[in-house]
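Fold and geometry: a report
Below are the chains, spelled out letter by letter.
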Amino acid sequence: MKALTSTQYFFNKQTAFYRGKVRDVYTIADNILVIVATDRISAFDHVLPKSIPYKGQVLTEIASMFLDLTTDIVPNWKLATPDPHVTVGKRCDAIPIEFVVRQYLTGHAWRIYRDGGRLLCGNVLPDGLKENDKLPQPIVTPATKAISGHDEDISAEEILSRKLLSPERWEALKNISLRLFQRGTEYAASKGLILVDTKYEFGFIGDTIYLIDEIHTPDSSRYFYADGFEERQANGEAQKQLSKEFVREWLMKNGFQGKEGQQVPTMTDEVVQAISERYIELYEQVSGKQFHKQSVAEADMASILDQAIAAL
Ligand SMILES: Nc1ncnc2c1ncn2[C@@H]1O[C@H](COP(=O)(O)OP(=O)(O)O)[C@@H](O)[C@H]1O
Ligand SMILES: [Mg+2]
């Protein structure tokens, strides 16, 4: 098993390069992006020392599927996926806010609640909930997308007072986020899964709003198995997670939460393999299809992609 940790292509008309935590982003002629989802894995805003074979392919294929399934709600940046690791699409002026939508009290929201918080990004949370309980309705809990470091929660009120968005745009983006979440929830349910929470990113070309980045992937979303959910909640048992949460839990169990001075535990081959298998399991559950492992055609990738870009 060979993982793709980083790329270094030089495309015709390439004007910029950005290495994100997980993806390598190439800008072509200022208006096209080639995004390579590598096998890097991040948790608690840290890139972990080992890459996970097939993770990039899983991410690209799941995102691509959901981008195609949501074009009636909002146009998106995708133009083509010339390779199972690569998405080519329109570069947009990204809005530096992550639109997080939550239907369950999990992860960050649970940690705030457990510590006594009842207000999350301006949303009031009812008393008496326990971890992973369903919220009365989905809530949007935006976060600022920091250039470096941790993303921070922000309320609608603050987005408006800091003039990050006009009231009209905030309303529009919030409603689009909720509709996308509804679509993802329905789709997940048809596959026996619960879409727990997720985040969306948006950008503009002129005045038009575009959905950008990845959607409903195991990196941007949490999923539970629906079967037995109620029973596990009633018995106070852990839910069956199908997402990166599995990795976060493993890290926390081994003393790493991304805080200063903490060391990432050694990732043995077994751990890497187990994570890879989880990603593939998620792909197969969500898509209802068998996963076909594809290695990266590194040698001729640049020319394959040049041709794909030229054909747009
Ligand atoms: N269509 C797009 N236009 C502009 N920026 C985009 C688009 N799609 C994705 N991005 C940006 O590309 C980057 C993807 O790489 P990622 O590994 O997620 O990086 P990060 O560590 O910044 O989250 C993100 O910063 C995301 O906001
Ligand atoms: Mg990102």
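Below is a short write-up of the structure. (Residues numbered from 1 in each chain as written. Chains lettered and ligands numbered in written order. Predicted model: local features only at pLDDT ≥ 70, side-chain atom pairs only at ≥ 80, totals over all residues. Heavy atoms only, no water.)

Some details on the packing of aromatic side chains
- Within the structure shown, the criterion is met by 14 aromatic pairs.
- Taken together, a centroid distance of 4.7 Å and an interplanar angle of 50 degrees make the contact between F17 and Y26 tilted.
- Judged by centre distance (5.3 Å) and plane angle (80 degrees), the rings of F99 and F202 are edge-to-face. A residue pair is termed long-range when its members are at least 10 positions apart, and F99 in strand 9 (residues 97-104) and F202 in strand 15 (residues 193-205) qualify at 103 residues.
- What makes F99 buried here is its relative accessible area of 0%.
- By relative accessible area, which is 0% here, F202 ends up buried.
- Through successive ring pairs, a cluster of aromatic residues spans Y9, F11, F17 and Y26.
- The ring of Y225 has K240 sitting right over it, with the charged end atom 5.2 Å from the ring centre. (Phe/Tyr/Trp six-rings, centres within 6.5 Å; stacked < 30°, edge-to-face > 60°. Helix = DSSP H or I, 4+ residues; strand = E, 2+ residues; numbered from the N terminus. Buried < 20%, exposed > 50% of the residue type's maximum accessible area, 1.4 Å probe, protein only. Lys NZ or Arg CZ within 6 Å of the ring centre and 35° of its normal.)

Considerations on helix 6 (residues 245-253)
- Inspection of helix 6 places E245, V247, R248, W250 and L251 among the buried residues, and these make up the whole buried set.
- Looking at the packing, one finds that the buried side of helix 6 touches strand 4 (42-43), strand 17 (221-225) and helix 7 (269-287).
- Immediately beyond the C-terminal end of helix 6, within one or two residues, lies G255, with a positive phi of roughly 80 degrees. (Contact = heavy atoms within 4.5 Å.)

A word on the site of ligand 1
- Close to ligand 1 lie 16 residues; Y18, K21, V22, R23 and E201 are nearest.
- At a separation of 2.6 Å, an oxygen atom of ligand 1 approaches a polar side-chain atom of R23.
- One of the backbone nitrogen or oxygen atoms of C92 is found 3.0 Å away from a nitrogen atom of ligand 1.
- Protein burial of ligand 1: of its 550 Å² of free accessible surface, 88% is covered by the chains.
- Looking at the shell around ligand 1, the elements with two or more residues in it are strand 2 (23-28) and strand 3 (32-37).
- A domain-level breakdown of the shell around ligand 1 finds at least three residues from each of domain 1 (14-92 + 272-310) and domain 2 (94-234). (Near = heavy atom within 4 Å. Polar contact = N/O pair within 3.5 Å; in protein donor to acceptor, adjacent residues only side chain to side chain. Areas by Shrake-Rupley, 256 points an atom, 1.4 Å probe, with all protein chains shown as cover. Domains from an automatic or database assignment.)

As for the packing of helix 1 (residues 55-68) against helix 7
- Look at helix 1 against helix 7: their axes get within 9 Å of each other, and the N-to-C directions meet at 20 degrees. Between helix 1 and helix 7, the crossing angle belongs to the class labelled roughly parallel. Here helix 1 and helix 7 pass one another in a crossing that is left-handed. Listed contacts from helix 7 to K55, V58, L59, E61, I62, M65 and F66 of helix 1 are Y279, I280, L282, Y283, V286 and S287.
- Considered class by class, the residues forming the contact of helix 1 with helix 7 number 10 nonpolar, one polar and two charged. (Axes fitted to C-alpha atoms, helices over the stretch in contact; angles between N-to-C directions. Parallel < 35°, antiparallel > 145°, perpendicular 65-115°, else oblique. Left-handed = near helix turned anticlockwise from the far one by under 90°. Nonpolar A, V, L, I, M, F, W, Y, C, P; charged D, E, K, R; others polar.)

Treat this as a map of the structure, not an account of what it does.
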